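# Overview (structure and organization)
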Amino acid sequence: MDKLLIRGGKSLAGTVAISGAKNATLPELCAALLTAEAVTLENVPGLQDVATMLKLIRNMGVAAERSQSMPGTVTLNAGALSSPEAPYDLVKTMRASVLALGPLLARFGEATVSLPGGCAIGSRPVDQHIKGLQAMGAEIVVEHGYMLAKLPAGPNGGRGRLKGASITTDMVTVTGTENFLMAATLAEGETILENAAQEPEIGDLAEMLIKMGANIEGHGTRRIRIQGVERLHGCTHQVVADRIEAGTFLCAVAATGGDVVLKAGRADHLDALIDKLREAGATVTAGDGFIRIQAQGRMKAQSFRTTEYPGFPTDMQAQFMALNAIAQGTSTVTETIFENRFMHVNEMVRLGAKIHIEGKVAVTEGVEKLSGATVMATDLRASASLVIAGLVADGETRVERIYHLDRGYDQMEAKLRGIGADIERVK
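The rules behind these values
- Residues numbered from 1 in each chain as written.
- Predicted model: local features only at pLDDT ≥ 70, side-chain atom pairs only at ≥ 80, totals over all residues.
- Heavy atoms only, no water.
- Pairing = 2+ DSSP bridges.
- Helix = DSSP H or I, 4+ residues; strand = E, 2+ residues; numbered from the N terminus.
- Axes fitted to C-alpha atoms, helices over the stretch in contact; angles between N-to-C directions.
- Contact = heavy atoms within 4.5 Å.
- Buried < 20%, exposed > 50% of the residue type's maximum accessible area, 1.4 Å probe, protein only.
- Polar contact = N/O pair within 3.5 Å; in protein donor to acceptor, adjacent residues only side chain to side chain.
- Parallel < 35°, antiparallel > 145°, perpendicular 65-115°, else oblique.
- Nonpolar A, V, L, I, M, F, W, Y, C, P; charged D, E, K, R; others polar.
- Phe/Tyr/Trp six-rings, centres within 6.5 Å; stacked < 30°, edge-to-face > 60°.
- Salt bridge = Lys/Arg side-chain N within 4 Å of Asp/Glu carboxyl O.

## Considerations on the sheet that holds strand β24 (residues 422-426)
- With mixed pairing, 4 strands are arranged side by side in an open sheet as β22-β23-β1-β24. Sheet topology places β22 (374-376) and β24 at the edges, where each strand pairs with a single neighbour. The sheet shows a mean angle of 20° between the axes of neighbouring strands, direction not considered.
- Inspection of the sheet shows β22 paired to strand β23 (residues 396-400) by 3 bridges, in the parallel sense. Looking across to β23, one finds that T374 is bridged to R398.
- Contacts between helix α12 (residues 380-392) and the sheet are confined to β1 (3-7), β22, β23 and β24, with β1 contributing the most and set at about 30° to the helix.

## Some thoughts on the side chain of R243
- Secondary-structure assignment places R243 in helix α8 (residues 243-256).
- Under the relative-accessibility criterion, R243 is labelled buried at 9%.
- At 2.8 Å, the side chain of R243 and the side chain of E201 are in polar contact.
- Setting aside chain neighbours within four positions, we find R243 in contact with E199, P200, E201, H269, L270, Y309 and P313.

## Here we look at the packing of α8 against helix α10 (residues 317-325)
- With their axes 9 Å apart at the nearest point, α8 and α10 run at an angle of 5° to one another. Considered as vectors, α8 and α10 are oriented roughly parallel to each other. Side by side, α8 and α10 meet where I244, T248, C251, A254 and A255 of the first sit next to Q319, F320 and L323 of the second.
- Its residues assigned to classes, the contact of α8 with α10 shows 6 nonpolar, 2 polar and no charged.

## Digging into the packing of aromatic side chains
- Tallied over the full model, the rule gives 3 aromatic pairs.
- Between F304 and F312 the ring centres are 3.9 Å apart and the planes differ by 25°, which places this aromatic pair in the stacked class. Like F304, the residue F312 is buried in the burial classification.
- Pairing F312 with F320 gives two aromatic rings, centres 5.8 Å apart and planes at 85°, and the pair type is edge-to-face. F320 shares its class with F312; the two are buried.
- Ring-pair connections join several aromatic residues into one group, and the members of that group are F304, F312 and F320.

## Comments concerning the pattern of salt bridges
- With the rule as written, the count across this model stands at 22 salt bridges.
- In this structure, K3 engages E400 in a salt bridge whose closest nitrogen and oxygen atoms are separated by 3.3 Å. Of this pair, K3 sits in strand β1 while E400 sits in strand β23; the two residues are 397 residues apart in sequence, bridging distant segments of the chain.
- The salt bridge involving D268 is made with R266; its shortest N-O contact spans 2.9 Å.
- Residues participating in the shared-partner salt-bridge network are D2, D406, E413, R425 and K427.

## So, the environment of P84
- Counting through the fold element by element, P84 comes out in the loop between β5 (74-77) and β6 (85-86).
- Spatially, the C-alpha atom of P84 lies 51 Å from that of G9, the residues being 75 residues apart in sequence.
- With near-sequence residues (within four places) excluded, P84 lies in contact with L104, E110, A111 and T112.

## Examining the sheet that holds strand β3 (residues 38-42)
- If you walk across this open sheet you meet the 4 strands as β4-β5-β3-β14, and the pairing is mixed. Every interior strand has two partners, whereas the edge strands, β4 (63-66) and β14 (235-238), have only one. Adjacent strand axes in the sheet meet at a mean angle of 15° when their direction is disregarded.
- Note that β3 and β14 share 4 bridges and pair parallel. Bridged to V39 within β14 is C235.
- Set on the sheet, helix α7 (residues 200-211) makes contact with β3 and β14; between it and β14 the angle comes to about 160°.

Written out as structure tokens, the structure reads:
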């Protein structure tokens, strides 16, 4: 297995390009299942999860081609889709596979989707997906690890259509909102999503669906209204920039010190994080298509609580904790989204961090320096936090199990080398 070897202690300077968002790309690949016409996505990141999703939809009979002349461009055509099924072998490493359920039901009237896998960061129940789609008329049972879904027969034989409904989820669910949003575009009548997630990636998906002919209002708010149409057509859509990748680089620069410009970064998608970085002592400026961070000396520790967007993102909790580990003062981090998202703490302690956990709260006492060691990544964002810690630690740090990192960061070590980090991938 590949590892990252990091020799810490170098400040970062220069320009780094932010890739397209993983969490927008995955549902947008599934959205191509809603039409028989070609859909072209631009700014698609080169990630393991994206490769897995492409393999999944190709297995269904979808033509999916990466452009040789335009890196990051993928054209999909589900006109000849033959097997509306997402088997376990293809989805066991990726929870986003559940996003195929809504589009397949909406267009084909049936779907067989394995219960998803993914990172070991706690419970991610699919019951909200099932309840919402059942409210739209789907018949769904769970057997032998699969969700078996179908629509009742239509008046002229074959499967009928999903019916518009009012759906209020028990909690805010990003993938649930995305699934209902896609399914509702082809449903009969109006669907209203209450308690909808507001993440920018959902807004980006909605904008793509509108280009395909969907009738959607209210995306980006807690209440989304969708008027179903009979068919959708193809489109060309550019994937929004990855706010979590951008946030990870911002935390890395704040921890190491330096002056870095993030090309394509969207500061308006990172308000909660940027506010904390400024309070910590970093200078963050932004304009159209860029974010610049300047940091010097030790930052001041910051306490925060993770919550749904537009609050502080759970996907940035571990990376900011790496910054707090070498900041001045003591901080508390309260994790409210996933119960197992402190799995990086024991590895950071191996590097010399002073962190202890009290239930859902991690208390960090900042130290002046960390010391390089061999550490093991346990999930995607934990691996990013260990990379940041390695960048500031004395000596060499080896980060093992970086296949987690490859699921969500496009050439992270190459980008870090480009702005001055001493980091390499070793076999």
